[in-house]
Every structure is written in structure tokens, then in C-alpha cells.
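An overview of the molecular structure
Spelled out from the first residue to the last, the chains are:
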Amino acid sequence: MAAQILDFPASFTPITTNPTYPLRILLPSKPLSLRVSSHKPFPSICLRRPDYILNHISDRNNVRIFDTTLGDGDQPPKEKLDIARQLAKLGVDIIEAGFPALSEADLEAVKLIAQEVGNVAGEDGHVPVICGLARCNKNDIDRAWEAVKDAKFPRVHTFIATSEIHMKYKLKMSKEQVVEKARSMVAYARSLGCDDVEFSPEDAGRSEREFLYEILGEVIKAGATTLNIPDTVGYNWPREFGHLIADIKSNTPGIENVIISTHCQNDLGLSTANTLEGAYNGARQLEVTINGIGERAGNASLEEVVMTLKCKGELLGGLYTGINTRHIVMASKMVEEYSGLQVQPHKAIVGANAFAHESGIHQDGMLKNKSTYEITSPEDIGLFRSSESGLTLGKLRYSVFLISLGFDIDGRELTDDDLIALVSDEVFQPKVVWKFGDVQVYTIFIS
């Protein structure tokens, strides 16, 4: 089939001027070559993600992004739905919408997301997989399947611990019992009509290698389509975790028939590095959360993992994601507002200081060429700063502007954060169900 030629008009606005990947886009079943008709630098365009296949990715360089913000967060149903919609707009491949067995509210929230987000195509035609989390027992799996079954691409994610310490003290089960439980529950999920089953050996980072190969091989035979390898307590370091993924890929029977995934906690501050090392060694699904929220020190951060792949994908073997990075800032602000977990100013990618330049030496470099101190553009993540040069110009600029409009602000200095807070309060206001009108108090004195 002859390649189609796409001419961009001269008015085309590039997303970024730093192309990372070859100039190739794959539309469904049609290769597409590109030619630019303007003199502007060619934009970096993410290669189109392959069509979704349960246990296989047709392009070995494509990495699926599995977001578990809703699984690790604690939001009301409406807020969960809002976040899920933003994750879909962001281009997340799989949304773990919650733990349906936890409560009726969680069950209904996941069901709502499956129906309203799991059946709607985005601008690029992408429909996310909607996943429900379940322990290895029939009740959990029943409720997870009930919650997600109405999605176009439903998935059940079931797990059981495999480390010696967890099996002995938490589960009080032998290795043989754990293997049988895992095998039978994956088979049970498949028997319900769920063709897409993910299995996680909890605390894999501290589990015996040979035991991991055995249990993973058994769940593959039972019908698992994705094997997630969690560093549940953030114990591993990058080389160690990379070797774990490589060893599983080399020694697990039937591994060629499934996707290998990672889920890295941040207890030692290594979750992003471990996740990337896992991808480098063969994992093609990466489990992350917005702003890195999660249990204890949190999870691998979606924005850090995705932007590192965007900046360093070639060095990692040409890896790329289907994420539309221009929606990162809005997702970050929404999760921050709804969760109440404030992002620290120096947080990579989305922190308030991530693209601020106050040092005189840095400002001089920025005025001459932004790439002297910025390895990626803030516009790449949807951040449009008020100062084109990227310099921090002081706290008086908004105050002077508001005074010029006639507002009396009593000399208060306003910052970017003040304005963001004002807008966030308006945009992310929860629906008012009831409000206090007034009250009358009567006091009767009895002598």
C-alpha cells in the first residue's frame, strides 16, 4: 500500500521543537509518511499506539501506561468519574478504577466509570481499558467483574502475596496453597467471561525467584494476560529490579504469551528509576499514579515516567507511550485538589518550581536560549507561564494588575499559586447537595 502524504498548513503550531521519535505515524492499518509545508520546526508527535490486544503489543517499543490513581486514592464517586475522564483525555491505556469489593460506593463508582468512560473514544479514537482490583477470592472477583463488565475493554486485576514473610505471617499459607489459589482464581475470573485478567504476585521484589517462575507459569496456563511484578514495599534498587524483570522474562514458561508489567512503590525514592529500569528490561506495561500518590511514600509518578520516556526514549531502545502530555498539568491539579494531597514545590515536572528560574546565572542563560536550563518545554505538559522567558519576575505583578483594574487588595502581593488556587476553587467545586440557610436559637430560662 502506498504511503499517504500529509501536508501541515503554515499555521500549524508545533507542540515542541525537540523531536524524539522517527517521523512515522501509524493510523489503523495504514502507514503514513509526513511532509511539512511550513518552515517551522517539526513537532514531536507520539507514534500512534497499536490497536489493543489483550496479551500482546504489536509494536515492541510501545509501552502501556496503567494508572492506579483511583485505586490508591480515596475520592467520592463524582470525583472519581471526573478524574477518570481526565485520565482518558490524557491517553492512559488502562485505568484501574478502584477496588469494587471495598464498599457499595466503590462498586458503583467503578461501574459508572466503566459505562461512561470505558465506552467513549477520545480525539484519537482511543478507548481506555477499565480495570477492577480484586484479591484472590471469588467474592472480590465477582464484584470486580460486575463493576467493569460494561466497558468496551474490561479487565480484572487479582493478586496474592508470594514473599516468604507475607505467606508465613499474613496469609499463613504454604507455597503450594498460594500457587493453587492464584491458579484457580485466575481461571475463575476467565470462567465469568472476563478475557483480560491481570495477576500480581504481591511483594514480588522480596520473593524467591524460582517460586515466582513457578506461580507465574501456572497463572499463564490458567489464562492470565498480563503479569504485574510489584516492588510492593519499595525495597529494590534499579539494577536489582531490572534483573528481576529480565530473569522473569527469561525463565517463566509461557511468558511470550503475556505482557510484563511493573508496579513500584517509592519507599526509598526509587520508584521512577525502578519503573524505567523494568521497561528497559522488557516490561511493556507500567503502573503509575498522578503526582505519585499512594500508600506510604507513594507510587511511581506518571508524569515523571512518561516525560522521561519522552526525553530519553531513544536511549531506552526507542520506547514511547500514547500519552498526550499536554494534559498532565490539568490532571495533576485535579488530583491535588480532590485528594487534598498538595504537590511539593520542588516536585519534578508538576511542582510549582519545576520551570521557575530565579538565579541570576540561570536567568541570563534562559534569556539567551531556554534549552540552557530546560530539558523539556513547560508547554509540553500543558503549562503556559505568564512570562515568556520563564523568569520569576516577583510577586507584585498580579497585585499591580488588579489595582489597575480598580480592585482594592490592601497591598497584598499575589503569586501564581494564589491565582491557581482561585481558579481551582471554581473549576473543581464539588456539586452542592445541600447548604445551611439560617438558624434561630431560643433560650428558655427556668428559675
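In the nomenclature of an unreviewed UniProt entry, the chain corresponds to Pyruvate carboxyltransferase domain-containing protein from the organism Mikania micrantha.

**So, the overall build of the chain**
Of the regular secondary structure elements, the chain holds 14 helices and 11 strands. When each of the 447 residues of the chain is scored for burial, the buried share is 49%. Relative to all contacts within the chain whose residues are 6 or more apart in sequence, the contacts with residues 24 or more apart total 72%. Element-wise, carbon and sulfur atoms account for 54% of the exposed surface of the chain, whose accessible area totals about 22500 Å².

**Focus on helix α10 (residues 302-312)**
Of all 11 residues in α10, 8 are buried, a share of seventy percent or more. Those residues of α10 that fall on the buried side of the exposure criterion are L302, E303, E304, V305, V306, M307, L309 and K310.

**Quick look at the sheet that holds strand β5 (residues 94-98)**
Read around the closed barrel, 8 strands run β4-β5-β6-β7-β8-β9-β10-β11, paired in parallel fashion. Along the sheet, successive strands turn relative to each other by an average axial angle of 25°, direction set aside. Taken together, the 6 bridges between strand β6 (residues 129-135) and strand β7 (residues 154-161) define a ladder with parallel strand orientation. By the bridge assignment, L133 is partnered in β7 with H157.

**Looking at the packing of helix α8 (residues 238-251) against helix α9 (residues 271-280)**
As a packed pair, α8 and α9 sit with axes 8 Å apart at the nearest point and diverge in direction by 35°. α9 is crossed by α8, and the crossing has right-handed handedness. Contacts from P238, F241, G242 and I245 in α8 reach A273, N274, E277 and G278 in α9. Across the contact of α8 with α9, the residue classes break down as 4 nonpolar, 3 polar and 1 charged.

**Side note on the packing of helix α3 (residues 104-116) against helix α4 (residues 138-148)**
Packing of α3 against α4 leaves a shortest axis separation of 7 Å and a crossing angle of 35°. Of α4, the residues touching α3 (which contributes E104, L107, V110, K111 and A114) are R143, E146, A147 and V148. Partitioning the contact of α3 with α4 into residue classes produces 5 nonpolar, no polar and 4 charged.

**Regarding a nonpolar patch on the surface**
On the surface, a cluster of nonpolar side chains totalling about 560 Å² of accessible area is made up of W434, F436, V439 and V441. With respect to the secondary-structure elements, W434 resides in the segment after α14 (416-427).

**Section: the side chain of D93**
Here D93 is to be found in the loop between α2 (77-90) and β5. We classify D93 as buried; its relative accessible area is 8%. If we ignore the near neighbours within four places in the chain, the residues touching D93 are R49, V63, R64, I65, H126, P128 and V129.

**With respect to unusual backbone geometry**
Unusually for a residue other than glycine, K172 sits at a positive phi of about 55°. Positionally, K172 belongs in the loop between α5 (164-171) and α6 (175-191). One non-glycine residue, I349, lies in positive phi territory at about 75°. Secondary-structure assignment places I349 in the loop between α11 (328-339) and α12 (360-368). Given a relative accessible area of 18%, I349 falls into the buried group.

**Side note on the pairing of strand β8 (residues 197-202)**
Counting buried positions over the 6 residues of β8 gives 6, a clear majority of the element. Neither face of β8 is left uncovered, since the one carrying V197, F199 and P201 and the one carrying E198, S200 and E202 both have all their residues buried. Note: β7 against β8, 6 bridges, orientation parallel. When the bridges of β8 are listed, V156 appears paired with V197. With 2 bridges connecting them, β8 and strand β9 (residues 226-231) associate as parallel partners. Bridging from a neighbouring strand, E198 pairs with T226 of β9.

**Some remarks on the nonpolar core**
Within the largest apolar cluster, 85 residues are counted, with the highest numbers of intra-cluster contacts made by L90, F199, L227 and I229. Residue contributions to this core peak at 8 residues, all from helix α7 (residues 209-222).

**Looking at the pairing of β5**
Along β5, 5 of the 5 residues are buried, which leaves the element largely enclosed by surrounding structure. Examined bridge by bridge, strand β4 (residues 64-67) and β5 share 2 bridges and lie parallel to one another. Bridge pairing links D67 to I95 in β5. As paired elements, β5 and β6 share 4 bridges and run parallel to each other. Following the sheet pairing, E96 is matched in β6 by C131. As a crossover connection, the stretch from β5 through α3 into β6 is right-handed.

**Here we look at the pattern of salt bridges**
The full count for this structure, using the stated rule, is 22 salt bridges. A salt bridge links R155 to D196, with the shortest nitrogen-to-oxygen separation between them at 3.2 Å. In this pair, R155 sits in strand β7 while D196 sits in the loop between α6 and β8, placing the two residues 41 residues apart along the sequence. What makes R155 buried here is its relative accessible area of 0%.

The rules we used
- Residues numbered from 1 in each chain as written.
- Predicted model: local features only at pLDDT ≥ 70, side-chain atom pairs only at ≥ 80, totals over all residues.
- Heavy atoms only, no water.
- Helix = DSSP H or I, 4+ residues; strand = E, 2+ residues; numbered from the N terminus.
- Buried < 20%, exposed > 50% of the residue type's maximum accessible area, 1.4 Å probe, protein only.
- Contact = heavy atoms within 4.5 Å.
- Areas by Shrake-Rupley, 256 points an atom, 1.4 Å probe, with all protein chains shown as cover.
- Pairing = 2+ DSSP bridges.
- Axes fitted to C-alpha atoms, helices over the stretch in contact; angles between N-to-C directions.
- Left-handed = near helix turned anticlockwise from the far one by under 90°.
- Nonpolar A, V, L, I, M, F, W, Y, C, P; charged D, E, K, R; others polar.
- Patch = residues over 30% accessible without salt bridge, like charges linked within 9 Å, V, L, I, M, F, W, Y side chains within 5 Å.
- Salt bridge = Lys/Arg side-chain N within 4 Å of Asp/Glu carboxyl O.
- Core = buried A, V, L, I, M, F, W, Y, C linked by side-chain atoms within 4.5 Å.
- Right-handed = clockwise from strand over helix to strand, strands pointing away.

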